[in-house]
Amino acid sequence: MKKRLVVLTGAGMSAESGISTFRDSGGLWDKYPVEQVATPEGFRANPELVLNFYNIRRRELLSVKPNEGHYGLVDLEKHFEVNIITQNIDNLHEQAGSSSVIHLHGELMKSRSTADESLVYDIDPEKCEILLGDTCEKGSQLRPHIVWFGEMVPMMSVAEEITRKADIFVIIGTSMNVYPAAGLLHDVKYDTPVYLIDPKDVNTGRRDIHHIRMGASEGVKELKKILLT
């Protein structure tokens, strides 16, 4: 039986592909206040602004490709049962071929009903947008299928359960400042090896972490050497 490798990925995973990050200097939050584009209140106040913000993000996503880090995680499926838990709303893990991906913060290429959150739809890549007046089958306005600040994280309990079963836990490209995702580290069993791939210092609150000080692509290559030799 293969060991279970659980990987938590953040913005640094996709940055090498050209996806704009939110929290770094010059990131998206510097240009768009979070209150305006990533809260239910912002959507109620100016839905057109919010819809356009994510329409721009979608067009950006269609112009980029997975990087070697994404493909490296796919390659590890030959040797491990790999479960990816991502804070990213892009679909680059899926594009690369990962077979098990949990999106904690939603999915950019999906929309959902404002009246019934169980009504979720794939967005046509040809259209690549949600407009005012686009409605669900019940006649309610569609919104991005994104978990905004102040909203529940519906996949969190699933992610916690998977993390508790990890034989190896890997963190790639996340500041570990965003909760509840950052709290997953507390669900890792005490004797489970933990690897952190990030060129920067990351305060995890744990000293027993093997820190690979590289970006996602080179870091995953180094991780493969460690795990497979």
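Residues numbered from 1 in each chain as written. Predicted model: local features only at pLDDT ≥ 70, side-chain atom pairs only at ≥ 80, totals over all residues. Heavy atoms only, no water.

1. A short note on the pattern of salt bridges
Taken as a whole, this structure holds 13 salt bridges when the rule is applied. Where K224 meets D75, a salt bridge forms, and the shortest distance between an N and an O atom there is 2.9 Å. Taken together, the residues K224 in helix α9 (residues 216-228) and D75 in helix α6 (residues 68-75) connect sequence positions 149 residues apart. Looking at D75, the relative accessible area reads 22%, which means it is partly exposed. (Salt bridge = Lys/Arg side-chain N within 4 Å of Asp/Glu carboxyl O. Helix = DSSP H or I, 4+ residues; strand = E, 2+ residues; numbered from the N terminus. Buried < 20%, exposed > 50% of the residue type's maximum accessible area, 1.4 Å probe, protein only.)

2. Regarding the nonpolar core
Soluble globular proteins: nonpolar side chains tend toward being buried together. Residues L104, F169 and L185 are the most contacted members of the largest nonpolar core, which totals 23 residues. Mapped by element, the contributors of at least two residues to this core are β1 (4-9), α8 (156-164), β7 (168-172) and β8 (194-197). Looking at which element gives the most residues to this core, the answer is α8, with three residues. Core analysis: the next-biggest nonpolar cluster, separate from the first, contains 21 residues, A38, L51, L108 and W148 among them. (Core = buried A, V, L, I, M, F, W, Y, C linked by side-chain atoms within 4.5 Å.)

3. Details of the packing of aromatic side chains
Enumeration according to the criterion identifies three aromatic pairs in this entry. Measuring from centroid to centroid gives 5.4 Å for F43 and W148, while their planes differ by 40°, and the two rings are tilted. In this pair, F43 sits in helix α4 (residues 40-45) while W148 sits in the loop between β6 (142-146) and α8, placing the two residues 105 residues apart along the sequence. No difference in accessibility class separates F43 from W148, as the two residues are buried. (Phe/Tyr/Trp six-rings, centres within 6.5 Å; stacked < 30°, edge-to-face > 60°.)

4. Some thoughts on the domain arrangement of the protein
By convention, interface size is frequently given as the accessible area that disappears when the constituent parts associate. What the domain assignment reports for the protein is domain 1 (1-19 + 66-105 + 153-228) and domain 2 (20-63 + 109-146). Taken over C-alpha atoms, the centre of domain 1 sits 25 Å from the centre of domain 2. Buried surface at the junction of domain 1 and domain 2, both sides included, amounts to about 830 Å², of which 64% is carbon and sulfur. Taken together, the links from domain 1 to domain 2 amount to zero salt bridges. (Domains from an automatic or database assignment. Buried area = accessible area lost by both parts, 1.4 Å probe.)

5. Quick look at unusual backbone geometry
The residue C128 is not glycine, and still its phi comes out positive at about 60°. In this structure, C128 sits in the loop between β5 (120-122) and β6. Overall, the relative accessible area of 5% leaves C128 in the buried class.

6. Looking at the sheet that holds β6
In space, the three strands of this open sheet follow the order β5-β4-β6, with antiparallel pairing throughout. Both edges of this open sheet fall to β5 and β6, since each of them pairs with a single strand only. Here the average twist between neighbouring strands, direction ignored, is 45°. Taken together, the five bridges between strand β4 (residues 106-113) and β6 define a ladder with antiparallel strand orientation. The residue bridging E107 from the neighbouring strand is H145, located in β6. (Pairing = 2+ DSSP bridges. Axes fitted to C-alpha atoms, helices over the stretch in contact; angles between N-to-C directions.)

7. Thoughts on the packing of α6 against α9
Where α6 meets α9, the axes come as close as 7 Å, and the angle between the chain directions of the two elements is 25°. Regarding the angle of α6 to α9, the classification is roughly parallel. For the pair α6 and α9, the crossing hand works out as left-handed. Here α6 contributes E68, G69, G72, L73 and D75 to the contact with α9, which in turn contributes A216, S217, V220 and K224. For the contact of α6 with α9, the class distribution of residues is three nonpolar, three polar and three charged. (Parallel < 35°, antiparallel > 145°, perpendicular 65-115°, else oblique. Left-handed = near helix turned anticlockwise from the far one by under 90°. Contact = heavy atoms within 4.5 Å. Nonpolar A, V, L, I, M, F, W, Y, C, P; charged D, E, K, R; others polar.)

8. Quick look at the side chain of N88
Residue placement: N88 occurs in the loop between β2 (81-86) and α7 (92-96). Side chain to side chain, N88 and S14 meet in a polar contact 3.4 Å long. Not counting residues within four places of it along the chain, the set of residues in contact with N88 comprises T9, G10, A11, M13, S14, H103 and G106. (Polar contact = N/O pair within 3.5 Å; in protein donor to acceptor, adjacent residues only side chain to side chain.)

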